[in-house]
Structures are given as structure tokens and as C-alpha cells.
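# An overview of the molecular structure
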Amino acid sequence: MNDWPEDGGYGRGNANSQPEGPRRMSHVQRPQVPQQPPRHDQGYNPNFTQAQGSGYDSGYSSGQVYGGPQGGGQQGGGHGSVPPQYAPGPGSGGPGRPAPDWRKRIKVGSIVLVVGVLAWGIGTYAWASSQMRNEVDLAKVIERPSEGDCTTYLIVGSDSREGMSAEEKKKLHTGSAEGKRTDSMMILAACSSGNTMVSLPRDSWVTIPSFVGSESGKTYPARGGSKLNAAYAMDGPELLVRTVEFNTGLRIDHYAEIGFAGFANIVDALGGVELNIEKGFKDKKSGADFQAGTQTLNGEQALAFVRTRYAFAQSDLQRTKNQQKFLSALANEAATPGTILNPFALYPTLGAGLDTLIVDKDMSLYDLGKMFFAMKGISGGDGKSMNIPIAGSAPQNSLKWDMPKVKQLVEQIRNDEKVTVESNR
């Protein structure tokens, strides 16, 4: 009844020092497994055995879940195989995750950035436009000259102390005079041939022409032999524009005026303005006390610099030169990417200037920007700055214009020609 072989099978002991191999039991029939060719991954699978090579499948899994050389899976079947669209690849976020579409992400991010910048720009423009004081009505100016090819601005610095406290007036050496007068006047011509800034001394001896009162609506006769700043004192910006146009023959397209406080606040909002002062000077009335050399002026110092006249032999003529020099430096500082593209610099600057800047009713924020960039161009060498040609002295310590040169200058500006006229002083 015992089917074990007689020659020392399992369970009967064996004197050999090596264990016996498996014995075949004659009554047990094993199925014949057909020979299979070696698989393509045999050279890379560390779990590959001769039994696998001979087609034997022990059913043992190495623990691989997803397809790959070690799992023995082949595309479309086998243990651990996955559809090719879910197979990990270079740059993927992990096994089984599709690779991120970076082109799409960059495109979406760029669109969001552009929309955000546009929204910020439009919002800033709308806010700044609402802060502008469009108070001067040039439509009230009568008998105006014909338009020229250049855009012209009459830029006025007034001695207005509006909104200033007693402490600020003392600090800025402005005094406490009531009302307001022009402290500086200049014509800025923005032309394709080059920009030109022409200072008009406030003591210029001119004719104040007939005019219609901006408030009363009454017609007033002409008044010959007056200083230019008297026009502003008589009827404000509208009469000043009328007087400049009448005496020069040049049409003024836009008007811009700023007072003492606004001027100083803009400079401080910019963090100061760098300026090279060629020769030092002092003036008790304006509070000026400067050494020669390059230095950064704060609002108080800047106001003293542009107001000083008694420290110079040429008095008002030298002061107008200093005013042009500083305004060009101010525009150069304001119209930079560091100010325009930086909200922390742009908003304080606009806030400091726009609520004290008085402009004509047709002047937009875009026109104001063009004015600043034109002044910046002059400081960069794109154009020239000059005093209006002077022929000599006139009554009441005033200055008489050199009218032949003034007419030539006006014609060159009106026709957008390069200005070749030189000032006498």
C-alpha cells in the first residue's frame, strides 16, 4: 500500500550530506506547460528567475502596482499595466497624473496680469481726472489769434497762499499778503521740431488790451503801459491769457497754474529734486541759502530757489532762468518709470499736485502728461529754454520786449520750425 519508492524517499531518512531534490510520484500527473520565449524585459528585471524564463509562473507578485519593467507588465495587459494616457512621463506631477500644460498656464497668467494692469491704469486715470481743477474758461477770452501747429501752454506760478497755515507761511517765507499774483510765467511750446520754453518776466512792459470781465461780463477798455503781472491781478487767468496773446500774437491752447503750497508738496512727494547749482547764493526774503554743487532740494528749498530775485544782478531775468531750470528737473523726476509705475510714488505725487493745480476746462490728464514730458524733453536736450527777447528798460523798473525778435520767435513756433531766435539776456 505504500507508494513511496524504496530507495530513500521523503520521510524515511537519508545518509547523504546534501538534501535530496524533489522526487516524482508516478501516480501524480502534472500538466504540460508549453515553452514560452524569453520576454523583452528579462535583462532588466531583478526578480527574473530561470523558472520565469522557462515559462513557469509561480503567481508571486513583486508588489508593483503600475506598469513598468519591474512589474513585468506589457502595454495593454499583464499585472500592473495601465493605459498609456495615464502612464507617468517627463515633467508629470506624479504617477498616474497628466503633465501640466505650462503654455496654457503662462497664457492665462499673462491675460490676468494685463487685465489687472489695465484696471489699475483706468482706475488711476479716472481718479486723477476727478482731482483736477478745471476752473479757467478760455472761451471767455476774446479776439484770439489763429491756431498754430504746436501745442502751447501758459504755465503760471502764483503766490497764492490758499490752504496754508500760519506756521507753513512762516516756514516757506511766503508772507501773509492777501489775494494772489503771478510769481512766474512761461510759455511752453510742444512741437515736433523741438520743444521751447520761453519765460515772460512779470515786470514786462506791455499793453493790457480791452477785455470782457470773466465774472462781470462787462467790457473794459485797453490800458497801455502796464506790467504783465497787473493783468492777472485785474481779472485773473482769462485776462492774463488775453494779454499774452495780444502782445505776442501766439495763441495759448492750455493754461496751468500752481500756488506755493502745491509746488512745495509736489517736490516733497517726489522725495526731493536733484539740481546742480552753479554758484551759491543767499536771500533773506525767500529763505534761500545754497552752496554751489549738485544737491537734492526739498519742497522748502525748491520754493526758495525759484522765488529768489534780489540776490542776483539781473534780478527777475536770472530768476526766470532758475525757474526754467528747476521745472525741467522737476518734470524729469516726475515723468520717470520709478514714479509713474510705482503706486506708492505716483499717488502721493498726484495727490499733492492735482488738488492745488488750476487748469483750463479743456485740459485733460493726457494734456497735462504731455506738458510734463515736453518739459522733461527740454532738460534732456530736446529743445531749448530762453527768456523772451528784451530790448532794454522801460518805466517803473520794467522790461521792454524786442518786438522784431518776438515776432520771429512766434512765427517759428506757430509754423513748427526749429527755434533759432536767441534771447538778449
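Just above, that's the structure.
Since this is a predicted model, take the numbers as computed values, not measurements. (Residues numbered from 1 in each chain as written. Predicted model: local features only at pLDDT ≥ 70, side-chain atom pairs only at ≥ 80, totals over all residues. Heavy atoms only, no water.)

### Quick notes on the sheet that holds strand β14 (residues 357–360)
Spatially, β1-β14-β9-β2-β3-β4-β15 is the arrangement adopted by the 7 strands of the open sheet, whose pairing is mixed. Single-partner strands in this sheet number two, and they are β1 (133–136) and β15 (383–387). Each adjacent strand pair in this sheet contributes to an overall mean axis angle of 25°, direction not counted. When β1 meets β14, the two strands line up parallel, connected through 3 bridges. Bridge assignment links Val136 to a residue of β14, and that residue is Asp360. Across the sheet, helix α5 (residues 260–269) touches β2 (151–158), β3 (182–190) and β9 (254–258), and the angle it forms with β9 is around 85°. This element, helix α10 (residues 365–379), spans β2, β3, β4 (195–199), β9, β14 and β15 of the sheet and lies at about 85° to β2. (Pairing = 2+ DSSP bridges. Helix = DSSP H or I, 4+ residues; strand = E, 2+ residues; numbered from the N terminus. Axes fitted to C-alpha atoms, helices over the stretch in contact; angles between N-to-C directions. Contact = heavy atoms within 4.5 Å.)

### Some points on the environment of Asp355
Here Asp355 shows up in the loop between α9 (343–354) and β14. Among the residues examined, Asp355 registers a relative accessible area of 40% and is labelled partly exposed. Separated by 97 residues in the primary sequence, Asp355 and Ile258 have C-alpha atoms spaced 9.6 Å apart. If sequence neighbours within four positions are ignored, Asp355 has contacts with Gln131 and Arg133. (Buried < 20%, exposed > 50% of the residue type's maximum accessible area, 1.4 Å probe, protein only.)

### Some words on the pattern of salt bridges
Proximity of charged atoms lets side chains of opposite charge pair with each other. Under the criterion given, the structure shown has 9 salt bridges. Where Arg309 meets Asp203, a salt bridge forms, and the shortest distance between an N and an O atom there is 2.9 Å. Taken together, the positions of Arg309 in the loop between α6 (299–307) and α7 (316–334) and Asp203 in the loop between β4 and β5 (205–208) put the pair 106 residues apart, joining distant regions of the chain. Take Asp203: its relative accessible area is 9%, and that puts it in the buried class. Arg319 is the salt-bridge partner of Asp316, the closest N and O atoms lying 2.9 Å from each other. With Asp316 and Arg319 both in helix α7 and 3 residues apart, the pair spans about one turn of that helix. Each of the two residues, Asp316 as well as Arg319, counts as buried. Here the salt bridges share partners, and the residues they tie into one network are Asp203, Lys227 and Arg309. (Salt bridge = Lys/Arg side-chain N within 4 Å of Asp/Glu carboxyl O.)

### Focus: α5
Turn by turn, an α-helix covers 3.6 residues, leaving residues three or four places apart pointing in a common direction. Among the 10 residues that make up α5, 7 are buried, leaving the element largely enclosed by the rest of the structure. Within α5, the full set of buried residues consists of Phe260, Ala261, Gly262, Phe263, Ala264, Ile266 and Val267. Backbone geometry just downstream of α5 places Gly271 in the positive-phi region, at approximately 80°.

### Remarks on the nonpolar core
Judged by nonpolar contacts, the single largest core of 46 residues is most densely connected at Leu188, Phe263, Phe305, Phe326, Leu330 and Met371. Residue contacts for Leu330: discarding those within four places in its chain leaves Phe263, Ile266, Val267, Leu270 and Val273. The next biggest cluster of nonpolar side chains, apart from the first, holds 34 residues, and it includes Cys150, Leu228, Tyr255 and Val410. (Core = buried A, V, L, I, M, F, W, Y, C linked by side-chain atoms within 4.5 Å.)

### Details of unusual backbone geometry
One non-glycine residue, Gln396, lies in the positive phi region at around 60°. In this fold, Gln396 is placed in the loop between β16 (390–394) and β17 (398–401). For Asp416, which is not a glycine, the phi torsion comes out positive at approximately 55°. Within the element layout of this structure, Asp416 appears in the segment after α11 (403–414). The exposure class assigned to Asp416 is buried, which follows from its relative accessible area of 19%.

### Quick notes on the side chain of Gln324
As for its position among the elements, Gln324 is in helix α7. For Gln324, a relative accessible area of 4% translates into the label buried. The residues touching Gln324, leaving out its near neighbours within four places in the chain, are Met186, Met197, Val198, Ser199, Ser385 and Met386.

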